[in-house]
Amino acid sequence: MDRRTFLKIGGGLVLGAAIAPLPQLVSLLRAEDTASGKTKLGMVIDLNKCKPGCTICVDACRKENNVPPDNYWLRVANIKPKFPNAQNRPIPLLCNHCEDPFCVKVCLVKASFKRKDGIVLIDEHRCIGCRYCMIVCPYKSRSFVFKKTNKWTNPDVPKRMHGVVEKCNFCVHRIDKGLMPACVDACPEKAMVFGNLNNSQSEIAKLIASGKTKTIRPDLSSKPKVYYLGL
Amino acid sequence: MKIYFTKIEGKTIRFYLLVAVLTVLASGGLYSSYLMYTKGHYLTGMNNQVPWGMPIVLTIYLIGLSAGSLVLSSLSSVFGQTEYKSFARVAAYLAALLLVGALLSLSLDLGRPERITMAFFYLNPTSIFSWNGFLYSAYIVICIVYLWAMFTERAKWVKAIGTLAVVWAICVHSGTGAIFGFVSGRELYHSPLTPPSFVAAALSSGTALIIILLLLTFKCTKRYLDPQLIIGLSRLLVAFILVVFYLIVIENLTRLYAPATYEAAHFLLFSGNEYCLVFWIGLILIGSIIPAIILFNPKTKDSIGWIVFSSVLVVIGVLCERFIIVIPGQVFPVELFPGYEVSSPFMDGAIGSYLISPLEVIQAVGILAIVGLLYVLGLKLFALLPTEAKK
């Protein structure tokens, strides 16, 4: 074997070795489930108990979290089947804290992250305000702080400066103290149930196990953790 | 035949006047960015339904122009078309400037631009936008090394780095297209054709811009430019225009065919709104059909005047294409409940709205002025232009 052939074969082997790990890089396209702990927090909302025109949960959320006037962390939408003489029904919409969140996957600086208990949070000190997460979220859960605000109704919640993205965080400051999120507590009909999906004895786990709950756009495979009864 | 590259004198009144005008425009742009930064993005036309507006359109447009310029600058060293060696340096320099302009537009659009360094410390491997940050910065380094190789006349280096530059330019612009194409939640974004269509539009807009700028630059500096070179470039231009057109047709036909994406595609194409106008008149008529006719017609295809005119049309048309990619996909609501009508105080289910605000326009003009200023000053500082460009 002469030197040229040796170099050619050697070069081919090196190139092959360099390309070999490439198929594994494809797995980077899927966000890893880093936060798979014992707790998996989620919510069930019973639409049969939701009263038309009621916005008590929305107002409680706004007050609890200092949500700017044009932004919504939790909102009540009205849905009506495309059918003659159909009726409007209310449906509270909030961040679904997905198990495979699109926002966490695309955040440039990993400001959006999934905590071990499954809550999707935003590190507001790191968020650069590029708004890509808002583009990819299929549920329109996120709002951008467009204006500087100085009015803070709740001193317990961190202030967010303008230029960052924010969303529902399951009132993490409350649940870390053992309380329920503000919306769950405020609902007079007890339409919202919050708890650990992994605890088979919890009310929420039993509701979901009954097979009567549905999520929004399950076809997108983001695996949302907000379920609806009566959807 | 040796080509001699020299700096321009740059001492005429006209030159100083140009520099002054560009500086004023650039300052205006930076001031509007300052206002947006300190007071908040409510000063722009963006809102929670349309969080990405003109700054992002300008960013992807400039990246496209840059990638196209870089591929053109490599025509002689990589693709063997040695007659284009005369403007390899100018095109490569322009590519670097246009990407700097794009990054400027992107950074100034951030809610918290002072945190831009975070993007370099925290590469998120699952985020194509994050990968692009790495690709863009490496791209500028490659451009600088490429220019160095050309200035020091190292032919082997020029060929090697030129090849890397072409590959990198394609990666950069495919990555930019993937920012939109990978978004599975929005019907008007999700598409495997977006990366190749971005590359095609980059090549067509880059070629058109180079044609216009070369003619202007050589005319203003009173250097000879062989019309055959421009005619050669125009042949490339018409090929790129056809590829762009083909990809747009396929993409929209596919979307119209599938019931899941039909409503979104219909909104963009046939509902009679402003996006339809931009699509049909801006992109199809002005950006594709009229330039293609001019560049195929035997009476006009060899006339420099007509070539410049069609290049201007292409430059406008591709800007319209970038607009069509970014805005309608946000304006058309995400489908939360198929088969249901949705309404809410957060504009769920409603067609969004986006009006370009004056501040965004001033900022865009300012960024273009900065690119122009760096170009004009670069001609004076570096030996970018050949004394004459002959075929």
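On a predicted model such as this, the values are computed, not experimentally measured, just so you know. (Residues numbered from 1 in each chain as written. Chains lettered and ligands numbered in written order. Predicted model: local features only at pLDDT ≥ 70, side-chain atom pairs only at ≥ 80, totals over all residues.)

A look at the overall build of chain A
Counting secondary structure elements, chain A contains eight helices and 10 strands. The C-alpha radius of gyration computed for chain A amounts to 22 Å, which surpasses the reference 17 Å derived for 231 residues by more than 25%, pointing to a less compact arrangement than a globule. Reported as C-alpha extents along the three principal axes, the dimensions of chain A are approximately 85 × 45 × 40 Å. Residue burial in chain A is summarised as follows: out of 231 residues, 42% are buried. Taking all contacts inside chain A whose residues are at least 6 apart in sequence as the whole, residues at least 24 apart take part in 61%. (Helix = DSSP H or I, 4+ residues; strand = E, 2+ residues; numbered from the N terminus. Rg over C-alpha atoms; globule rule 2.2 N^0.38 Å. Buried ≥ 20, exposed ≤ 12 C-beta atoms within 10 Å, placed from the backbone. Contact = placed C-beta atoms within 7 Å.)

Focus: the overall build of chain B
Scanning chain B from terminus to terminus reveals 13 helices and five strands. C-alpha atoms of chain B, sized along the principal axes, occupy 70 × 50 × 40 Å. In chain B, which comprises 391 residues, the proportion classed as buried is 51%. Considering only residue pairs separated by 6 or more positions, chain B has 76% of its internal contacts joining residues 24 or more positions apart.

Focus on the nonpolar core
Core analysis: the biggest nonpolar cluster contains 189 residues, and Met192(A), Ala92(B), Cys143(B) and Leu237(B) have the highest contact counts within it. Considering every element that reaches this core, the biggest residue donor is helix α3 (residues 88–109) of chain B, with 16 residues. (Core = buried A, V, L, I, M, F, W, Y, C linked by C-beta atoms within 7 Å.)

Focus on the packing of helix α10 (residues 274–296) of chain B against helix α11 (residues 304–326) of chain B
All names here are of chain B. In the contact formed by α10 and α11, the axes pass within 8 Å of each other and the chain directions differ by 150°. Put simply, α10 runs roughly antiparallel to α11. Pair α10 / α11 crosses with left-handed handedness. Contacts from Tyr275, Val278, Phe279, Gly282, Leu283, Ile286, Gly287, Ser288, Ile290, Pro291, Ile294 and Leu295 in α10 reach Trp306, Phe309, Ser310, Leu313, Val314, Ile316, Gly317, Val318, Cys320, Glu321, Phe323 and Ile324 in α11. Residue composition of the contact of α10 with α11, grouped by class: 18 nonpolar, five polar and one charged. (Axes fitted to C-alpha atoms, helices over the stretch in contact; angles between N-to-C directions. Parallel < 35°, antiparallel > 145°, perpendicular 65-115°, else oblique. Left-handed = near helix turned anticlockwise from the far one by under 90°. Nonpolar A, V, L, I, M, F, W, Y, C, P; charged D, E, K, R; others polar.)

Some details on the sheet that holds strand β8 (residues 192–196) of chain A
Residue and element names in this part refer to chain A. The strand order across the open sheet built from four strands is β8-β1-β10-β9, with neighbouring strands paired in mixed fashion. One side of each edge strand has no neighbouring strand; the edge strands of this open sheet are β8 and β9 (213–214). As paired strands, strand β1 (residues 41–46) and β8 are joined by five bridges and run antiparallel to one another. Note on β8: the bridge partner recorded for Val44 is Val193. (Pairing = 2+ DSSP bridges.)

A few points about the sheet that holds strand β3 (residues 340–343) of chain B
Read from one edge of the open sheet, three strands run β3(A)-β2(A)-β3(B), paired in antiparallel fashion. Lying at the two open borders of the sheet, with one neighbouring strand each, are β3 (89–94) of chain A together with β3 of chain B. Strand-to-strand twist across the sheet, computed as the mean angle between neighbouring axes with direction ignored, equals 35°. Note that strand β2 (residues 74–81) of chain A and β3(A) share six bridges and pair antiparallel. Bridging from a neighbouring strand, Arg75(A) pairs with Leu93(A) of β3(A). Most of the contacts of helix α3 (residues 56–65) of chain A go to β2(A), to which it runs at about 155°, and overall it touches β2 and β3 of chain A.

Examining the confidence of the model for chain B
Of all residues in chain B, 100% have pLDDT values of 70 or greater, and the mean over the chain is 93. The ipTM value of the predicted complex is 0.92, and its pTM value is 0.91. (pLDDT = per-residue confidence, 0-100.)

A short note on helix α13 (residues 358–381) of chain B
Side chains three or four residues apart in an α-helix point the same way, a direct result of the helix having 3.6 residues per turn. Residues and elements named next belong to chain B. For α13, spanning 24 residues, the distance from its first C-alpha to its last is 34 Å, which sits close to the expected 34 Å at 1.5 Å a residue. Within the sequence span of α13, burial applies to Leu359, Glu360, Gln363, Ala364, Gly366, Ile367, Ala369, Ile370, Val371, Leu374, Gly378 and Leu379. For α13, the elements touching its buried residues are α1 (13–39), α2 (54–73), α3 and β4 (385–386). (Expected span 1.5 Å × (residues − 1).)

A few points about the interface of chain B and chain A
With 37 residues of chain B in contact, the opposing surface of chain A contributes 46 residues. Among the elements of the structure, α4 (118–121), α5 (128–151) and β3 of chain B are those that each provide at least two residues to the side of chain B that touches chain A. Top contributing element to the side of chain B that touches chain A by residue count: β3(B), with four residues. For the side of chain B that touches chain A, a count of residues per class yields 18 nonpolar, 14 polar and five charged. As defined by bridge partners, β2(A) adjoins β3(B) across four bridges and the pair is classed as antiparallel. Pairing of Asn78(A) across the sheet is with Ser343(B), part of β3(B).

Thoughts on the packing of helix α7 (residues 194–220) of chain B against helix α8 (residues 227–257) of chain B
Residue and element names in this part refer to chain B. Interaxial distance between α7 and α8 falls to 8 Å at its minimum, and their mutual angle equals 150°. Classified by the angle between their axes, α7 and α8 sit roughly antiparallel to one another. In the packing of α7 onto α8, the handedness of the crossing is left-handed. On α8, the residues that touch Pro196, Ser197, Ala200, Ala201, Leu203, Ser204, Thr207, Ala208, Ile210, Ile211 and Leu215 of α7 are Ile230, Leu233, Ser234, Leu236, Leu237, Phe240, Ile241, Val243, Val244, Leu247, Ile248 and Glu251.

Remarks on α7(B)
All names here are of chain B. Over its 27 residues, α7 extends 38 Å from the first C-alpha to the last, a length consistent with the 39 Å expected when each residue adds 1.5 Å. Most of α7 is tucked away, with 20 of its 27 residues classed as buried. Downstream of α7 by one or two residues, Lys222 has phi in the positive range, about 55°.

Some points on unusual backbone geometry
Residues and elements named next belong to chain A. The backbone phi angle of Cys171 is positive, close to 45°, even though this residue is not glycine. Within the secondary structure, Cys171 sits in the loop between β7 (165–166) and α6 (172–175). Phi angles above zero are rare outside glycine, and Lys190 is one such case at about 55°. Tracing the chain through its elements places Lys190 in the loop between α7 (182–186) and β8. Taking the number of C-beta atoms within 10 Å as the measure of exposure, Lys190 has 10 and is therefore exposed.

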